[in-house]
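Architecture and fold: a report
In case you want the letters, here they are:
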There are 2 protein chains.
Amino acid sequence: MKYTSIKEAMSKGKGKVAVRGWIHRERGSNKIKFIVLRDSSQVIQIVFPRDKFEKQWDEIDKLQVEASIIVEGSIKKDKRAPTGYEISASKVEVVGKSDKFPINKDLNEELLGDRRHLWIRSRKMAAIMKIRSTVMQSFRDYFREKGFWEFQGPILILGGAEEGPTLFEVKYFDRKMYLAQTWQLYAEAAMYGLEKIYGIGPTFRAEKSKTSRHLTEFWMAEMEVAWCDLSELIDYAEEMTKYIIKKVLEKHKEELEILERDVKKLIPSTKKKFPRITYDEALKILDKGGMKIKWGKDLRTVEEEKLMEGYDTPVFVTHYPREVMAFYKPKDPKNPRTALCFDMLGPEGNGELIGGSQRDIDIKEMEKALKAKGENLKDYKYYLEISKYGAIPHAGYGLGPERLIKWICGLDNVKDTIGFPRTMTRYYP
Amino acid sequence: MKYTSIKEAMSKGKGKVAVRGWIHRERGSNKIKFIVLRDSSQVIQIVFPRDKFEKQWDEIDKLQVEASIIVEGSIKKDKRAPTGYEISASKVEVVGKSDKFPINKDLNEELLGDRRHLWIRSRKMAAIMKIRSTVMQSFRDYFREKGFWEFQGPILILGGAEEGPTLFEVKYFDRKMYLAQTWQLYAEAAMYGLEKIYGIGPTFRAEKSKTSRHLTEFWMAEMEVAWCDLSELIDYAEEMTKYIIKKVLEKHKEELEILERDVKKLIPSTKKKFPRITYDEALKILDKGGMKIKWGKDLRTVEEEKLMEGYDTPVFVTHYPREVMAFYKPKDPKNPRTALCFDMLGPEGNGELIGGSQRDIDIKEMEKALKAKGENLKDYKYYLEISKYGAIPHAGYGLGPERLIKWICGLDNVKDTIGFPRTMTRYYP
């Protein structure tokens, strides 16, 4: 018989089916055994009446959670069954027995972390991983449909990233190299040949902060585009975010149910225009809310959260003070104290999801900014050279997929959005 | 006026157009200037008669290669022009001047490497990067169409990869971690929840070998699938390879022309079934060709090349001696000295493109193999544990996209298939 997924068997709805998977739950008596079988698509109840399986009864009776089996039987609707269908088994083969599965509802986060290699097969983790897959691919689909090319930057770099102290050092034969924190500087070089590019790659920050929003290894979904200004860049960010959320809502009704996500909270972001406010306006809003921020300071998490209280969609905050921004974010000619940049803040306390800017092409300005930050110009030699040969206005941004997934799935911690999270204290398995 | 790409302007074919890009070539006299303009889509000849541009003549006359300009004018067919069309300019704006571009035809590989941040905008590199983009995305499209989910494994691992001596060490706060060489061990854990998965991520090997096929940082396109045996696995590998090559041939006629690739050499691989031979058969073929290999030795590059002389498509070599294979490749029950594994070798001297196998689920066998290789069982604790809970037959493979791109593009060296190559001696820019 041809095997189908449990979901396909359910959509068939009646007649003979053959399915295979892992035991999600089991209970029974001396006369009858009920097994809830899990595969990657769904779970379904299977009934084994003892009189039909006398010879195999001992084997069936001993089956533990997570054992793998192959089952043939007849499927029919049954309101009492967990997912509305039941298979009455006529044949079973035990493929892989299971030891007592070391995960139960009472495990704390730390123990679930230690057993991540087993916890990852849970329905909750599988639901998140499926949504993650759709988020990643929808990011790429969006840009592909807009005529962008995929591009990968190098991961091993000699130095010259944004934040020295958070770089991880790699022993590279007889020298030191570092793990890159963005593709951007290299992407800008490639932009001069391909014009419109995007890419998703791993990113590393030696973050000591133990917050629910930080990992030491995470992924960045980045884009870079020729002949683009700040306002067009923000258009891309807004349209892309809507595109990704819509795709997840379309494809993942069941997964969002497993996660008990209140999807109504995502709907405004698929329909309403995201507000765009300047840093100056943000300060006024915070002031009214009782938070006085000195002009020139970057916004901290607590301030971002306060600011977002009045919004049910992401908000773009633009024109941050140039001094606290990276050297490649150019002055706004209309207000040189500010930079042509934005952060997209997420609702429901999700903070910065995207950061982007126009890119400076004024080599002298960049050198000045680098020196002011105490950086070594030598590390940026190749990057500064790019602008010597037909520089053009261009812009780009980076999206943190883990943070976006955390928001979409309504999770407490960014750790659950990635297969095997890495933090200062979590590095195994 | 609305800007279009040069390609769009050419497909319009007549009337007013506005394009922008970089100067690819320039020549002229006191009376007229010819510029070949490049953007990411194409190149086109633009004519500036002095009498129309008297006021800007000095500026136009001084334009150097790679300066960026915006041009309006009338386009028409012209057989003498390099790409069959010519724009007669009516308006020009110089966006970014250019210093003398430090790349010319006489540069050797080493200097081109030093100037990679500029060389990457060349038509040759842009053509390769576009094909790379299509290869990467076609890999994902193929598996997405088959119902697979995208999955990312961790990059930072505690140890326990295939080849200790080629691991790069990372200073991870107060301990050592390593850069992963495959997602596989983690993907197998995730397979128990998602069943069918694929992913593309960076991979690192501290390779001292300076061959045309080795990088220290490259990408791996991997898949892992539940309930799959060796023969079905090879079916995936063959169908996927054909899928990717067909997509490149469909979309990249122009790029393959720029690369002067003889596309006829790729056609057999889109049509013919790829031969499947065992290691034992390979040894017989080599013997006939005058190469005696002792049974039990892995095939070296020179032997792979010899073996492939008679083929114009990739060839699958299966059932290598188990002893020289990784610990997770299971014994063939019919011939326990061999493993249920394959390599897909590319034609035209391109060597191993894909390596894959069924996965062992016999914990004792794996422990024995690990010990025989002098590995520390502790490093594999999490991995060996996975098989304790409902193990199932499964299989997977890894494709080296850079090697596939090298073959498809007909390149001499794998270095040109990646934006910023890394080798023992090349780490900048």
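Bear in mind that the values here come from a model prediction, so they are computed numbers and not experimental data.

So, about the interface of chain A and chain B. Tallying the contact residues gives 92 residues for chain A and 92 residues for chain B. Carbon and sulfur atoms supply 62% of the area buried between chain A and chain B, which totals about 7,900 Å² over both sides. The three residues of chain A that bury the most area against chain B are Phe173, Trp227 and Tyr389 of chain A, which together make up 10% of that side's buried surface. Of the charged contacts, one joins Arg144 of chain A and Asp141 of chain B as a salt bridge, the two residues approaching to 2.9 Å between their closest N and O atoms.

Residues and elements named next belong to chain A. The omega angle of the peptide bond from Tyr428 to Pro429 is -5°, so this bond is cis rather than trans. Here Pro429 lies in the segment after α14 (401-409). Positive phi values are uncommon outside glycine, yet Trp227 reaches one of about 55°. Looking at the secondary structure, you find Trp227 in the loop between β11 (217-226) and α7 (230-251).

Glancing now at the packing of aromatic side chains. Residues and elements named next belong to chain A. As enumerated under the stated definition, the model contains 58 aromatic pairs over all chains in all. Taken together, a centroid distance of 5.7 Å and an interplanar angle of 85° make the contact between Phe327 and Tyr383 edge-to-face. Separated by 56 residues along the polypeptide, Phe327 in the loop between β13 (315-318) and β14 (331-332) and Tyr383 in helix α13 (residues 381-386) bring together distant segments of the chain. Judged by relative accessible area, which is 3%, Tyr383 ranks as buried.

So, about the domain arrangement of chain A. Residue and element names in this part refer to chain A. When cut into domains, chain A gives domain 1 (6-96) and domain 2 (113-417). Each of domain 1 and domain 2 has a C-alpha centre, and these two points are 46 Å apart. If you look at the interface, domain 1 gives nine residues, while domain 2 gives four residues. The junction of domain 1 with domain 2 conceals about 550 Å² of combined surface from both sides, 36% of it contributed by carbon and sulfur atoms. Between the two partners, domain 1 and domain 2, sit two salt bridges. A salt bridge links Glu254 to Lys7, with the shortest nitrogen-to-oxygen separation between them at 3.5 Å. For the pair domain 1 and domain 2, the interface holds four residue pairs in polar contact (both at pLDDT 80 or more).

Cut-offs applied
Residues numbered from 1 in each chain as written. Chains lettered and ligands numbered in written order. Predicted model: local features only at pLDDT ≥ 70, side-chain atom pairs only at ≥ 80, totals over all residues. Heavy atoms only, no water. Contact = heavy atoms within 4.5 Å. Buried area = accessible area lost by both parts, 1.4 Å probe. Salt bridge = Lys/Arg side-chain N within 4 Å of Asp/Glu carboxyl O. Helix = DSSP H or I, 4+ residues; strand = E, 2+ residues; numbered from the N terminus. Phe/Tyr/Trp six-rings, centres within 6.5 Å; stacked < 30°, edge-to-face > 60°. Buried < 20%, exposed > 50% of the residue type's maximum accessible area, 1.4 Å probe, protein only. Domains from an automatic or database assignment. Polar contact = N/O pair within 3.5 Å; in protein donor to acceptor, adjacent residues only side chain to side chain.

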